[in-house]
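Results of the structural survey
Here are the chains, one letter per residue:
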Amino acid sequence: MTFEEFAREHLPPPPARVLEVGCGQGELTTALAVAGYDVLGIDPLAPSGELFRRLKLEDLEETERFDAVVADSSLHHIRDLDAALDRIASLLTPGGVLLVEEFAWDRLDGATLDWYYGQRRALAAAGHGEAPATQEELLRDWKAQRLGLHGFDALRDGLSARFDEVAFAWTPYLHRTLGGIATEVLEQALIDAQAIRALGFRYAGRPSGR
């Protein structure tokens, strides 16, 4: 299941008003617009067009509320996470829903690192990318590249303080850095067998007390 499919399961029916926070190149915003939603995508680097605005969440000035807010891999790098989640809660209508796709980079354990290292080495041997010399080097680079990003506890605690959980699911994540549908299938199979940890997660919640 893709994040779009997960979102469509929990979104109110079109033409509900939807805000995408951190829309990137706008694929999800565009897909929701095609499906009939009244959608706005915001991002400092958003594409041009009537569906988008080039701004940060804290700079969004809206008098009307949204029936849903979608955040696809964007919350982890927002500097003031608490302020951002407060803002999102304030933008939602009563009964509105927040839909999140994120990754828990700090859940990388020994078994998961071992598998990831092996996959990186195999790809390098096939001519795709450069292999890390050791697992220690891979782990050091992994942490360095994510320095300053919110980890799982910060994300989950921030959400739990403001929203009532509707749905939560762990998902594969490492395949995104490895490439290929076959890698995603393998990663999911190993997660199901509890051989490695899932680092991705999806969440749906409604503002508490509404």
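Residues numbered from 1 in each chain as written. Predicted model: local features only at pLDDT ≥ 70, side-chain atom pairs only at ≥ 80, totals over all residues. Heavy atoms only, no water.

This next bit is on the packing of aromatic side chains. Taken as a whole and judged by the stated rule, the model has 9 aromatic pairs. With a centroid separation of 5.5 Å and an interplanar angle of 25°, the aromatic rings of Phe168 and Phe201 are classed as stacked. In this pair, Phe168 sits in strand E6 (residues 163-171) while Phe201 sits in strand E7 (residues 200-207), placing the two residues 33 residues apart along the sequence. Classification of Phe201 as buried rests on a relative accessible area of 0%. Judged by centre distance (5.9 Å) and plane angle (75°), the ring pair of Trp170 and Phe201 falls under edge-to-face. Here Trp170 is found in strand E6, whereas its partner Phe201 is found in strand E7, with 31 residues between them in sequence. By relative accessible area, Trp170 is classed as partly exposed at 32%. Put simply, the rings of Phe152, Phe168, Trp170 and Phe201 pair up and form one aromatic cluster. (Phe/Tyr/Trp six-rings, centres within 6.5 Å; stacked < 30°, edge-to-face > 60°. Helix = DSSP H or I, 4+ residues; strand = E, 2+ residues; numbered from the N terminus. Buried < 20%, exposed > 50% of the residue type's maximum accessible area, 1.4 Å probe, protein only.)

Attention now moves to the pairing of strand E5 (residues 92-103). Of all 12 residues that make up E5, 10 are buried, and the element is covered over most of its length. Direction of pairing for strand E4 (residues 66-72) relative to E5: parallel, over a ladder of 6 bridges. The partner of Val69 across the bridge, within E5, is Leu98. A crossover links E4 with its parallel partner E5, the connecting element being helix H3 (residues 81-91), and its sense is right-handed. As defined by bridge partners, E5 adjoins E7 across 6 bridges and the pair is classed as antiparallel. Bridge pairing links Leu99 to Ala204 in E7. (Pairing = 2+ DSSP bridges. Right-handed = clockwise from strand over helix to strand, strands pointing away.)

For helix H4 (residues 110-125), with 16 residues, the first-to-last C-alpha span of 22 Å sits near the 22 Å given by 1.5 Å per residue. For H4, every residue scored as buried is listed here: Thr112, Leu113, Trp115, Tyr116, Tyr117, Gln119 and Ala124. Gly127 occupies a position one or two residues after H4 and carries a positive phi of about 90°. (Expected span 1.5 Å × (residues − 1).)

Time to look at empty space enclosed by the protein. A complete count under the given rule lists 1 cavity of 30 Å³ or more for this structure. Of the voids in this model, the largest cavity is the one considered here, and its volume is about 40 Å³. In terms of lining, the largest cavity is formed by Ser73, Glu101, Glu102, Thr171, Pro172, Tyr173, Arg176 and Gly200. Counted by class, the lining of the largest cavity contains 2 nonpolar, 3 polar and 3 charged residues. (1 Å grid on protein atoms, 1.4 Å probe; cavity = no way out; pocket = protein on both sides within 12 Å on 5 of 7 lines; lining within 4 Å. Points joined across faces, edges and corners; volume = space filled by probe spheres on them. Nonpolar A, V, L, I, M, F, W, Y, C, P; charged D, E, K, R; others polar.)

Moving on, we come to the layout of surface pockets. By volume, the largest pocket amounts to about 980 Å³. Lining the largest pocket are 41 residues; nearest its centre among them are Val21, Gly22, Asp72, Ser73 and Ser74. Where the lining of the largest pocket is concerned, the elements lending two or more residues are helix H1 (3-10), strand E1 (17-21), helix H2 (27-34), H3, E6, helix H7 (175-178) and helix H8 (181-192). When grouped by side-chain class, the residues that make up the lining of the largest pocket number 16 nonpolar, 11 polar and 14 charged.

All right, on to the nonpolar core then. Generally speaking, soluble globular proteins have nonpolar side chains that are buried together. Leu19, Leu75, Ile88 and Phe163 are the most contacted members of the largest nonpolar core, which totals 28 residues. At the level of elements, E1, strand E2 (38-42), E4, H3, E5, helix H6 (152-162) and E7 are the ones that each hand at least two residues to this core. Counting residues per element, this core draws most heavily on H3, at 6 residues. (Core = buried A, V, L, I, M, F, W, Y, C linked by side-chain atoms within 4.5 Å.)

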